[in-house]
Amino acid sequence: MIDIDQLMFKLEKNNPGQPEYIQAVREFLESIEDFINDNPQYEDSGIIDRIIEPDRSHIFKIAWSDDEGKVQVNKGFRVQFNNALGPYKGGLRFHPNVNLGVFKFLGFEQVFKNALTSLPMGGAKGGSDFDPKGKSNDEVMRFCQAYMLELWKLIGTELDVPAGEMGVGTREIGYLFGMYKKISGQHSGVLTGKGIDWGGSQMRNHATGYGLIYFTAEMLKANNMELKDKRIALSGFGNVAWGAAQKATEMGAKVVSISGPDGHVYFENGMDMEMIDYMLELRSTNEDIVRPMSYEFPNVQFRQNKKSWEVRCDIAIPCAIQDELNEHDAAILVANGCKCVVEGANMPCTPEAIDYLKENAILFAPGKAANAGGVATSGLEMSQNALRYQWSNEEVDKQLFTIMKRIHDLCREHGTDEDGKIDYVKGANIASFKKVANAMLDQGMI
Ligand code: 2IT
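Now for a description of the structure that goes with this document. (Residues numbered from 1 in each chain as written. Predicted model: local features only at pLDDT ≥ 70, side-chain atom pairs only at ≥ 80, totals over all residues. Heavy atoms only, no water.)

**Considering the site of the ligand**
Near the ligand you find 13 residues, and of these K89, K113, K125, R204 and S378 are the closest. The separation between an oxygen atom of the ligand and a polar side-chain atom of K125 is 2.8 Å. A distance of 3.2 Å separates an oxygen atom of the ligand from a polar atom in the side chain of N346. Isolated, the ligand exposes 290 Å² of accessible area, and the fraction of that covered by the protein chains is 94%. Those elements that provide at least two residues to the shell around the ligand are β3 (88–94), α5 (100–116), β5 (160–164) and α15 (373–387). Looking at the shell around the ligand element by element, the count peaks at three residues for β3. (Near = heavy atom within 4 Å. Polar contact = N/O pair within 3.5 Å; in protein donor to acceptor, adjacent residues only side chain to side chain. Areas by Shrake-Rupley, 256 points an atom, 1.4 Å probe, with all protein chains shown as cover. Helix = DSSP H or I, 4+ residues; strand = E, 2+ residues; numbered from the N terminus.)

Below you can see the structure in the form of structure tokens.
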């Protein structure tokens, strides 16, 4: 029998000051405990101990000069977590609040998310404590170039294929790719999220948000509800929230809120396409604020220092950052009649919030299932690069839809209880654990 408390005691002792990593591993193990006990071959072969430990964690120095010619130093990270299913794969986050523990949590989640896509990808994550806010275009370019001067030694099309995440979009991928190409002399698929004209895939920017809504629609359907006319509260206003807002609106739902770090914007009658287009413009200002939305559109309210979870909604989709939705927020959502919470970001709900939602019979989907559309489309970009070909918008969208539906089916297959209710956390974790663990068993103790 697995002793989770003892395992976690050891993990905490060996990884001090890494609460996000500890939280992710504990949540995961607790949800698959029964499955592990029913299948002793995994524990007997040391799979549990091996699967929660990253293969390796790289930390490196990045020196670059700002526009005043002053030398700046940041830390770079790449955690290569597990490559049982394919080359390491996962995004790069540039954000001041990162550290090794954050990248280990993100890498751990990525392993299982990537497994759910059914595409051949292992899991990794990386980035830097570089803060893109307020930096000039030239500064961003110089930083990306300096970052790649270190990262290039660690990556490769068959080894590790990074992509964007928070703070890293097409522009940053461009500068990173340019430097990789210069050093290696190769125009290869070593990064995903590339520009459409130089190896990128159609739909990559839309994919996380679109996939999120495809998954949400499947989930509602499986629980005798539908997306149409539902009020959706989103948090964040980046890539994920934007794609979700667009697809949800297109499918007849009403997006009633988006947010930034200093408050949220309330749309009483739901967003329209003009407002969603304006989200893109806001994002490109790099200032991390949503307030201008209320200057641009009448009847749109900015509420300073308030969260999206205070508005009446049927569905809440946190798309900003880890641990942004706590137990207090969950209680407000439930009191306001929310029926469904879907994680758009990686681990945006605290464990206490998830418990509260469960106790109140709220439908809940974990990020590793619901937001897998982004990395799935990265996987499709790798396929297209290998084929030296580019699929149409429609083709990529069709494949994305099929993948999200399959992830939902996997959750149902592995998470349905005797009463026919689907536990999406359990379903996603068991399905992905099985894939990764079985591959590790097949490949021996390495
Ligand atoms: O959180 C994520 O799934 C990502 N950052 C996407 C990674 C990728 O390789 O596209």
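Still more to cover.
**Description of the sheet that holds β5**
Read across the open sheet, the five strands follow the order β1-β2-β4-β3-β5; overall the sheet is mixed. At either margin of the open sheet sits one strand with a lone partner, and together these are β1 (56–65) and β5. On average, adjacent strands in this sheet sit at an angle of 20° to one another, irrespective of strand direction. Of the pairings in the sheet, the one linking strand β2 (residues 71–82) to strand β4 (residues 123–128) comprises six bridges and is antiparallel in character. By the bridge assignment, F77 is partnered in β4 with G127. Against the sheet, helix α6 (residues 137–151) engages β1, β2, β3, β4 and β5, with an angle of about 140° to β1. (Pairing = 2+ DSSP bridges. Axes fitted to C-alpha atoms, helices over the stretch in contact; angles between N-to-C directions. Contact = heavy atoms within 4.5 Å.)

**Considerations on the pattern of salt bridges**
Any two side chains of opposite charge can pair, on the condition that their charged atoms come close. What the rule picks out here adds up to 18 salt bridges. A salt bridge links K368 to E109; its shortest N-O distance comes to 3.5 Å. Residue K368 is found in helix α14 (residues 367–370), and its partner E109 is found in helix α5; the two are separated by 259 residues along the sequence. Here K368 matches E109 in class, with each residue buried. When salt bridges that share partners are traced, they join D5, R26 and E30 into one network. (Salt bridge = Lys/Arg side-chain N within 4 Å of Asp/Glu carboxyl O. Buried < 20%, exposed > 50% of the residue type's maximum accessible area, 1.4 Å probe, protein only.)

**A few points about the packing of aromatic side chains**
Per the counting criterion, the structure on display carries 23 aromatic pairs. A ring pair is formed by Y210 and Y214, whose centres lie 6.4 Å apart and whose planes are at 75°; its orientation type is edge-to-face. Of this pair, Y210 and Y214 both sit in helix α8 (residues 204–222), four residues apart, which is roughly one turn of that helix. What makes Y210 buried here is its relative accessible area of 8%. For the cation-ring pair, K135 lies above F130, with the distance from its terminal atom to the ring centre recorded as 5.3 Å. (Phe/Tyr/Trp six-rings, centres within 6.5 Å; stacked < 30°, edge-to-face > 60°. Lys NZ or Arg CZ within 6 Å of the ring centre and 35° of its normal.)

**Some words on the sheet that holds strand β8 (residues 263–267)**
The seven strands lie next to each other as β9-β8-β7-β6-β10-β11-β12, forming an open sheet whose pairing is mixed. Looking at which strands have only one partner, the edges of the open sheet turn out to be β9 (300–304) and β12 (363–365). Each adjacent strand pair in this sheet contributes to an overall mean axis angle of 15°, direction not counted. Bridge count between strand β10 (residues 315–317) and strand β11 (residues 340–342): two bridges; the pairing is parallel. Looking across to β11, one finds that A316 is bridged to V341.

**Quick look at the nonpolar core**
Residues F215, L234, I258, M271 and M293 are the most contacted members of the largest nonpolar core, which totals 65 residues. Of all the elements, α8 adds the most residues to this core, at eight residues. Among all residues touching I258, those that are not within four sequence positions of it are L234, G236, F237, H264, V265, F267, M271, M279, V290, M293 and S308. L7, A24, L29 and A439 belong to the second-largest nonpolar core, a separate cluster that totals 39 residues. (Core = buried A, V, L, I, M, F, W, Y, C linked by side-chain atoms within 4.5 Å.)

**A word on a negative patch on the surface**
On the surface, D272, E274, D277, E281 and E296 cluster together to form a negatively charged patch. A total of three residues in the negative patch trace back to one element, the largest contributor, which is helix α10 (residues 273–284). With respect to the helices and strands, D277 occurs in helix α10. With a relative accessible area of 44%, D277 lands in the partly exposed category. (Patch = residues over 30% accessible without salt bridge, like charges linked within 9 Å, V, L, I, M, F, W, Y side chains within 5 Å. Lys, Arg positive; Asp, Glu negative; His and termini not counted. Charge placed at Lys NZ, Arg CZ, Asp CG, Glu CD.)

**Considering the pairing of β4**
With six of six residues buried, β4 is to be regarded as a mostly interior element. Burial along β4 is two-sided: the face carrying G123, K125 and G127 and the face carrying A124, G126 and S128 are both buried. One crossover worth recording links β3 to the parallel β4 by way of α5, and it is right-handed. (Right-handed = clockwise from strand over helix to strand, strands pointing away.)

**Things to note about the packing of helix α12 (residues 327–335) against helix α13 (residues 351–359)**
Contact pair α12 / α13: the axes reach a minimum separation of 7 Å and the direction vectors enclose 25°. What the angle tells us is that α12 and α13 run roughly parallel. The element α12 and its partner α13 pack so that their crossing is right-handed. Listed contacts from α13 to E327, A330, A331 and V334 of α12 are E352, A353, Y356 and L357. Tallied by class, residues from the contact of α12 with α13 come to six nonpolar, no polar and two charged. (Parallel < 35°, antiparallel > 145°, perpendicular 65-115°, else oblique. Left-handed = near helix turned anticlockwise from the far one by under 90°. Nonpolar A, V, L, I, M, F, W, Y, C, P; charged D, E, K, R; others polar.)

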